[in-house]
Amino acid sequence: QLVNDFFWNNAFVSRVTRMVQTHRNHPCIVLWSLGNESGRGINLSNARECLRRLDLSRPIMYESGGDVAEGTGRTELTDIINTMYPSVDKLVELGNDSKDDRPIILCEYSHAMGNSNGNIHLYFDSFWGQNKRIQGGFIWDFKDQGLRKIDKTGREYFAYGGDFGEKKHNAQFCINGLFFPDGIAHPAVHECKYLQQPIKLFPLISSESIKIFLGDNVPEVQLNVTKRNKLVRLDSIEWEWSVISNGSTRIIQGTFKICEGKPTAVIRLDGLACNDCGFDFRLPQMFWLNIAGRLNHDTKWCNKGHVIVTEQYPLDVEVAWSKGISNLANPIDAPLSITTEENSSRLLVKTERHQIVFDKTRGLLTELSSNGRNVFMNAMAPNFTRAETDNDRGGMEIVRSLYEYGIVIDFAFHIGQIQKWLGINHGIASLKRSFSCQWNAVGLSASTPPSMKCM
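Notes on the structure in this doc start here.

Buried within helix H4 (residues 120–127) we find Ile 120, Tyr 123, Phe 124, Ser 126 and Phe 127. Axial view of H4: buried residues confined to an arc of 155 degrees, hence all on one face. Buried residues belonging to H4 abut helix H3 (88–95), strand E3 (104–111), strand E4 (134–140) and helix H5 (188–196).

Looking now at the layout of surface pockets. Here the second largest pocket defines a volume of roughly 820 Å³. For the lining of the second largest pocket, the secondary structure elements donating two or more residues are H4, E4, H5, strand E7 (199–203) and strand E9 (220–227). Element by element, the count of residues in the lining of the second largest pocket is highest for E4, at five residues. Class assignment of the residues belonging to the lining of the second largest pocket gives a composition of 11 nonpolar, eight polar and six charged.

Tracing the chain through its elements places Thr 83 in the loop between strand E2 (60–61) and H3. Setting aside anything within four residues of it in sequence, one finds Thr 83 in contact with Thr 72, Gly 73, Arg 74, Leu 94, Leu 106, Cys 107 and Glu 108.

Next up on the list: the pattern of salt bridges. Once their charged atoms are close, side chains differing in charge can pair, the charge on each being opposite to the other. Here the structure, examined in full by the defined rule, presents 19 salt bridges. Across the pair Lys 350 and Glu 341 runs a salt bridge, and its minimum N-O distance is 3.4 Å. Take Glu 341: its relative accessible area is 41%, and that puts it in the partly exposed class. Residues joined by salt bridges that share partners form a network here, namely Lys 211, Asp 316 and Glu 318.

Bringing the packing of helix H1 (residues 9–23) against helix H2 (residues 42–54) into the picture now. Packing of H1 against H2 leaves a shortest axis separation of 8 Å and a crossing angle of 25 degrees. Put simply, H1 runs roughly parallel to H2. As H1 packs across H2, the resulting crossing turns out to be right-handed. Of the residues in H2, those touching H1 at Asn 9, Phe 12, Val 13, Val 16, Thr 17, Met 19 and Val 20 are Asn 43, Leu 44, Asn 46, Ala 47, Cys 50, Leu 51 and Leu 54. Of the residues belonging to the contact of H1 with H2, the class tally is 10 nonpolar, four polar and no charged.

For H1, which comprises 15 residues, the first-to-last C-alpha distance of 22 Å matches the rise-based estimate of 21 Å (1.5 Å per residue) to within 8%. Among all positions in H1, only Asn 9, Phe 12, Val 13, Val 16, Thr 17, Met 19 and Val 20 are buried. With its buried residues spanning 160 degrees around the axis, H1 presents them on a single face. Of the exposed residues in H1, those oriented more than 90 degrees away from the buried face are Asn 10 and Thr 22. Buried-residue contacts for H1 involve strand E1 (32–33) and H2.

Here we take up the environment of Gly 73. Structurally, the position occupied by Gly 73 is in the loop between E2 and H3. Residues Gly 73 and Met 61 lie 12 residues apart in sequence; the distance between their C-alpha atoms is 8.4 Å.

Cut-off values and rules
Residues numbered from 1 in each chain as written. Predicted model: local features only at pLDDT ≥ 70, side-chain atom pairs only at ≥ 80, totals over all residues. Heavy atoms only, no water. Buried < 20%, exposed > 50% of the residue type's maximum accessible area, 1.4 Å probe, protein only. Helix = DSSP H or I, 4+ residues; strand = E, 2+ residues; numbered from the N terminus. Arc of directions from axis to C-beta. Contact = heavy atoms within 4.5 Å. 1 Å grid on protein atoms, 1.4 Å probe; cavity = no way out; pocket = protein on both sides within 12 Å on 5 of 7 lines; lining within 4 Å. Points joined across faces, edges and corners; volume = space filled by probe spheres on them. Nonpolar A, V, L, I, M, F, W, Y, C, P; charged D, E, K, R; others polar. Salt bridge = Lys/Arg side-chain N within 4 Å of Asp/Glu carboxyl O. Axes fitted to C-alpha atoms, helices over the stretch in contact; angles between N-to-C directions. Parallel < 35°, antiparallel > 145°, perpendicular 65-115°, else oblique. Left-handed = near helix turned anticlockwise from the far one by under 90°. Expected span 1.5 Å × (residues − 1).

As structure tokens, then:
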């Protein structure tokens, strides 16, 4: 209600005035914001007009509170569509809306809380796609806000809401960054770095793997080169390649160059040009081509040798040297002799050294033995559940606690709609919007797994 309260108008206007006057000479400031999730009203309109009078060189960005409250970052208050947490399909829909030509930069789209950021590559497919209106977004957020604390055993850990004896708190909702409080990267950081890298290399021929022929000549791989950051020069990077296999600890590696202005790169896999390269091609195995690009000079933000580009491609290797094919002669093993035994309750499949047993009544794999030793303690049953993540719960437990504490939640629409959204029954918020609640509702929980029936 403050955004429509005349007595708060000066507070809104003076805040943005001070913001511009103290920060407008910083070149890193590219956008102005009216605030965050503060609703929609006349005071914000006045603040926006004030911003336009003070600085016309930067656009204004404002998200008023998400789908549930005041719009979705598409109101008249913002120069940039910054819808919060849209699905990828919704993002594409916004980009294809012919009635709106504003650029799209999501103010939040990937919540880095707990084990998260898993489908972020789908967003980047759109960010790097052909629709120039879809320009990217901001991950919430950068760093966990945990505080060092010592437990009863003397072990140090990062504490959050509730760890200091307080009854009212936001629990782990301040632990939602890409980095731990001490600056160590979460696993998701590596994925984010890859998706944001300034140069993209991809095979000349689009396919699931790169096919190479190992004969008497040195095999070559051709790659398309796309610069995403025009300020990064291709000749400022030292390029390395390596070939690895899941059937050997051997690594074949070398270097290559990419010339500035050239749309393609050619990698000569010299180390693979002989049949004694160290890989035993008689073995069934998978090969990968790894690529790394390292800066060849020091910068203000990193040292020489820092990796800024990585790629990995599966290789489809075909071998046929005309001479000296010592490691291609004769298969290692003769064809396996497989026998089966079956009755009404079980199916047994075995070779000379291995044995597999299926329970036909339950449809389960009950035994996997090698040289007489069963590696299973119990039958291998299908598992339709996994450990819940913070984002699976969706923060709804916090909303529920607010309701139970008697805090009034006013999302500017009828209380009956709020109760329906929250799933409030008999005065208790039995929340159904989170994935966790939905799974539990259909029996997909670790405590009540679905029963199996063999048809």
